[in-house]
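Summary of structural features
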Amino acid sequence: MSAMKVLYAASEAAPFIATGGLGEVAGSLPKTLAEKYKNKIDIRVILPLYQGIYDRNNFEFIGKTSVPLAWRQQYCGVFKKRLDNITYYFIDNEYYFNRSDCYGHFDDGERFAFFSKSILHILNMIDFMPDIIHANDWQTSLVPIYLKTKYSNSKGYSSIKTIITIHNIEYQGIYDLTIAEDIFDLHGKEKSIIEYNGSINLLKGALETSDIISTVSESYSNEILDDYYAHGLALIIKRNSLKLRGILNGIDTDFYNPENDNALFENYSKDNLKNKTINKLDLQSLAGLPQDENIPVVGIISRLVKHKGFDLIINDIEEVLKEKVQFIILGKGDHGYELYFKSLQNRYHEKVAARIDFNSDLARKIYAGSDFLLMPSISEPCGIAQMIASRYGTVPIVRETGGLKDSIHDCSLGSGNGFTFYEQKPKVLANTIKRALKVYNNKEDWEKLVETVMSIDFSWNKSAEKYYDMFQSLLNQGEK
Ligand code: GLC
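What comes next is a walk through the structure. Predicted, not measured: the structure shown is a model, and the values here were computed from it.

What about the overall build of the protein?
In terms of regular secondary structure, the protein is built from 19 helices and 18 strands. Taking the principal axes of its C-alpha atoms as reference, the protein extends roughly 65 × 45 × 45 Å. Partitioning the contacts of the protein with sequence separation of at least 6, the portion at a separation of at least 24 is 70%. Seen as two clouds, the 55 positive and the 62 negative side-chain charges of the protein have centres 2 Å apart.

Here's the deal with helix H17 (residues 426-440)
If you check H17, its first and last C-alpha atoms are 21 Å apart, about what 15 residues at 1.5 Å a residue would give, namely 21 Å. Considered for burial, the residues of H17 that qualify are Leu429, Ala430, Thr432, Ile433, Ala436, Leu437, Val439 and Tyr440.

Quick look at the pairing of strand E14 (residues 326-330)
Counting buried residues in E14 gives 5 out of 5 residues, a clear majority hidden from the surface. Of the pairings in the sheet, the one linking strand E13 (residues 297-301) to E14 comprises 5 bridges and is parallel in character. Paired with glycine 299 across the bridge in E14 is isoleucine 328. Sheet topology note: the E14/strand E15 (residues 352-355) ladder contains 4 bridges and is parallel. Following the sheet pairing, isoleucine 329 is matched in E15 by alanine 354. Viewed along the sheet, the connection from E14 through helix H13 (residues 335-347) into E15 turns out right-handed.

What counts and what doesn't
Residues numbered from 1 in each chain as written. Predicted model: local features only at pLDDT ≥ 70, side-chain atom pairs only at ≥ 80, totals over all residues. Heavy atoms only, no water. Helix = DSSP H or I, 4+ residues; strand = E, 2+ residues; numbered from the N terminus. Contact = heavy atoms within 4.5 Å. Lys, Arg positive; Asp, Glu negative; His and termini not counted. Charge placed at Lys NZ, Arg CZ, Asp CG, Glu CD. Expected span 1.5 Å × (residues − 1). Buried < 20%, exposed > 50% of the residue type's maximum accessible area, 1.4 Å probe, protein only. Pairing = 2+ DSSP bridges. Right-handed = clockwise from strand over helix to strand, strands pointing away.

Here is the structure:
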């Protein structure tokens, strides 16, 4: 049997570029699949060649072509790089991608329409006709849509299967309906695929046209059947629910490894937790907080946006701050939350340190140096920070939603690996933190808990198997 061919299309992937969870997943899932199923799967990744792409001067130029996008003909260069046994392709167009940020431009819709169209356009040129194209989030949602509308009669394309993975249903690629023809080149019946609630909705189009819809945890796949979580798309999810799957993400446990992570003050393992304490003391000093190994440190590493649950913190944190505790916050986002944490730091400078930043090096120092990681998310498709924290022996305190619910279980239930709560009430969160602090103060219970937390396997291993089975079942469908 020849290896199945999968093209993994994403708008970001570590180590080349990562602004969030999607970049981490796109950087680690294909890598694990390639390692684990060496002769069974040929998985390649395709990305835009942004200005900030790491190592871009060392890529191999494969060729150039011109990609049609409505009335436009746009230059499309293709570069290639082999890394970790994976072939990465990069789509080059300076006008669209030679900018400082990946997202947030007035013409993002057009930029990712170009990227999606290019992916389909260059398959012959790169000599890789995939069995499956795996698209991710709204930025590559036009891949399954264009495949169905523009390529259905092209040789070799009709048997390609598609998957759309939702990393966060809140971001859907919504645009004014008036640009459907001019930018997206979708007319009449085709236009209705991307039309939803009086606007263009690219994710909706992908949900309708893909063969499988997957999301990044089982709980989230159930939650998005409900309007509360689906941000307007519950109806579409429901009517496509037979195609719906949920597979929990893993993390790159080689990269996130306290035994050799060079961002840490000292490396450590389960058997040498003394060095974790050194990380804590150095972190306290770096954060400008009193150095004391007996004061529990709660870390928060997150985008500072509403759905991460910060309103729950704001309303009762001062109650928790009466206790012996320190908080270290790292993140950027909504101005209101940034100001709030800054002012909290000013009022409680002995107990709170806030860094308004996105910084992987500092993040890893906080994962290692904290005792707890707090994630009170209102919704969380998967969440990666709670798994990284666990790997560093830092105990998660999470709200029971999406992937948080699937990965962290309350330790009051016996074999748990963290502290969880459900009700969206500041008091409930405050009580959960206080409950966690109590366990911290009981040395024996605490050591057992840290040991349990560190022994959980959050690598991609199990989930990669589920992806492989999903690919396989999709291909079997085709053979019927
Ligand atoms: C998004 C989600 C997050 C998930 C990540 C990777 O960032 O918000 O929960 O872990 O994608 O799938």
